[in-house]
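Here are the chains, one letter per residue:
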Amino acid sequence: MSDPSRTLSKHARDLLDPASDPGPAVAELDTIVGLSKRRGFIYPSSEIYGGINAVWDYGPLGVELKNNVKRAWWRSMVQERDDIVGLDSGILMAPQIWVTSGHVAEFSDPLVECRSCRRRYRLDELPGAEDLSQTDLHDPGVVARLGLRCPADDGELSAPRRFNLMFKTFMGPVEEQAAEIYLRPETAQGIYVNFRNVKETSRKKVPFGIAQVGKAFRNEISPGNFVFRMREFEQMEMQYFVHPERAAEHFADWLPRRRAWYEAYGVAPARLRTREHAPDELAHYAKKAVDVEYRFPFGWKELEGVHNRGDWDLSRHMEASGESLEYFDPATEEHFVPWVVETSAGADRAAFTFLLDAYREEEVRGEKRVVLGLHPELAPYKVAVLPLLKKRPEIVEMCHRIKGDLQRDVMAVYDDTAAIGKLYRRQDEIGTPWCVTVDVDSLDDGAVTIRDRDAMTQERVSADRVREVIADRMRAARQ
RNA sequence: GCGGGAGUAGCUCAGUCGGUAGAGCGUCAGCCUUCCAAGCUGAAUGUCGCGGGUUCGAGACCCGUCUCCCGCUCCA
């Protein structure tokens, strides 16, 4: 306790060195929380009933953004690859799966509570208990046996109590223990238990991957930081099945690939880094784990984990189910249980990150201009069609015609409830990359202007070419 | 869960000594307006987080409770 660096959290130590800290894209988290609510990206859940902790709802713009994030992930992980296929497994699964996977036993923190000051500690973080085995950590007599006391006031400590992070509910009409079932805490198990099905129906050969996007639920002890840690959240996971001897090299391939994905969609490279887990922080299933981290306003935090899970999951499921999950390689005539390299990302965290990193404030003519510089692929609306004058019915009509045409390809919106400058600012703030403006001249020459969100420059194009120009620009942004 | 802070209009907040609720922004409507948050006029919106108590009277004082934020913790 006397060494000051020991009392600092890992988070605080990370930020000590200004040279390695690029700073957050947005200083105050509230800036984004406020924008999200004001413009309809993200709202607190159940707000009219006072809210519910750690659940957030996506509004009209938020659902577009998040869908776009998931689509971009799917494009890069499934659509553009020959060796990865998709899956959508159930949230509810046979309860035995979670026993086999280790989540019933391990996905919990052994907590002890001080009887006098009521502080709670994770048992394995108490001085004198750091090196305990899993058996010891769950031994009711361990506190007395080691003579552990409360570090704060030397009070008596309770026996370790397991706090499992999985949500439970009941399946069927009877609420009894036999009917207990879990909400999945990760999507990965749905992939493992379908491994044989997918292998046989897709006729993929190792190495190949299975990707899945879906909800997961964790009863976190302390959620928070907006959508960063929620109790209900969405994962984008891919399990890559490889020959055991090639696992390390596939791991080395996936890590930079996943980091590059965030950069491709606009996250500043300086605010991304990778960090390898020390042996003592590895999850129960992991042989090796490296995080892609982002510099959030509240510190460097995990965006995505790349894990070498070995054959842990498949082997355990083989053993518990009695079914073979081996792979036969006809070329070498070898039978083996594939190892898994997992990339596990959070859709909410990714959307949050893109939102944060896109935010900027500029000064234009002495006025503050708020811009979400979202990648066009991620932007909720791709185009806004705006009339310079709304009292001319021909102009309004032309706007609607152009918008209707664009809508067949992309999300487009019409707005005439303010002067043009303000309409532009509104679209800037929600990240719309292009605005099409119809003016009086358009009625004569059939041309309109396309205004660019970032440069604020305008280009005049024929109205019947707008759809094509936008499609070209979308394609160019994708690269 | 513990420690600290905060809940008043969609948002940011004011509300004095306890006397019956306000401003700016935003939103909507009308007028005006030919390219980067113009102007004028008008309008809507509050169980003052929720429940109880004290009081003639509570947004304010007391108790309880819920939620949010910061820290501990965590890891998608």
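It should be noted that the structure appears before, not after, this text.
A brief look at the structure comes next.

About the cut-offs
- Residues numbered from 1 in each chain as written.
- Chains lettered and ligands numbered in written order.
- Predicted model: local features only at pLDDT ≥ 70, side-chain atom pairs only at ≥ 80, totals over all residues.
- Heavy atoms only, no water.
- Axes fitted to C-alpha atoms, helices over the stretch in contact; angles between N-to-C directions.
- Helix = DSSP H or I, 4+ residues; strand = E, 2+ residues; numbered from the N terminus.
- Left-handed = near helix turned anticlockwise from the far one by under 90°.
- Contact = heavy atoms within 4.5 Å.
- Nonpolar A, V, L, I, M, F, W, Y, C, P; charged D, E, K, R; others polar.
- Buried < 20%, exposed > 50% of the residue type's maximum accessible area, 1.4 Å probe, protein only.
- Salt bridge = Lys/Arg side-chain N within 4 Å of Asp/Glu carboxyl O.
- Pairing = 2+ DSSP bridges.

Here we look at the packing of helix 4 (residues 60-79) against helix 11 (residues 247-264)
Following both chains from N to C, one finds helix 4 and helix 11 inclined at 145°, their axes separated by 12 Å at the closest point. Viewed along their axes, helix 4 and helix 11 form a crossing whose handedness is right-handed. Side by side, helix 4 and helix 11 meet where V69, A72, W73, S76 and M77 of the first sit next to W254, R258 and W261 of the second. For the contact of helix 4 with helix 11, the residue count by class is 6 nonpolar, 1 polar and 1 charged.

A closer look at the side chain of R309
Among the secondary structure elements, R309 is positioned in strand 13 (residues 299-310). Owing to a relative accessible area of 0%, R309 belongs among the buried residues under this scheme. In this structure, R309 is in contact with E186, A188, Q189, Y192, Q239, Y285, V340 and E342, ignoring residues within four places of it in sequence.

Quick notes on the pattern of salt bridges
Under the counting rule described, the total for this entry stands at 41 salt bridges. Residue K66 pairs with D348 through a salt bridge whose shortest N-O separation is 3.0 Å. One end of the pair, K66, is in helix 4; the other, D348, is in helix 13 (residues 347-358), with 282 residues separating them in the sequence. On the accessibility criterion, K66 (7% relative accessible area) is buried. Where D428 meets R451, a salt bridge forms, and the shortest distance between an N and an O atom there is 2.7 Å. Taken as a pair, D428 in helix 15 (residues 420-429) and R451 in strand 22 (residues 447-452) lie far apart in primary sequence, 23 residues in all. Through salt bridges with shared partners, one network takes in R360, E362, R369, D428, R451, R453 and D454.

What to know about the sheet that holds strand 12 (residues 288-296)
Either a parallel or an antiparallel arrangement is found when strands of a sheet pair, and the pairing is made through backbone hydrogen bonds. Overall, mixed pairing links the 7 strands, which are arranged 3-9-10-16-13-12-11 in an open sheet. The sheet terminates laterally at strand 3 (84-87) and strand 11 (272-276), the two strands that pair on one side only. Taken over all neighbouring pairs, the strand axes of this sheet differ in orientation by 25° on average, direction set aside. In this structure, strand 3 lies alongside strand 9 (residues 208-217), joined through 4 bridges in parallel fashion. From the neighbouring strand, L87 faces strand 9, where its bridge partner is Q212.

Brief notes about unusual backbone geometry
A cis amide bond links V206 to the next residue, P207, at an omega of 5°. Note on placement: P207 falls in the loop between helix 10 (195-202) and strand 9. Non-glycine residue R203 carries a positive phi angle of around 55°. Along the chain, R203 turns up in the loop between helix 10 and strand 9. Taking the relative accessible area as the measure of exposure, R203 reaches 68% and is therefore exposed. In this structure, F226 is a non-glycine residue whose phi angle is positive, near 60°. Here F226 is to be found in the loop between strand 9 and strand 10 (232-242).

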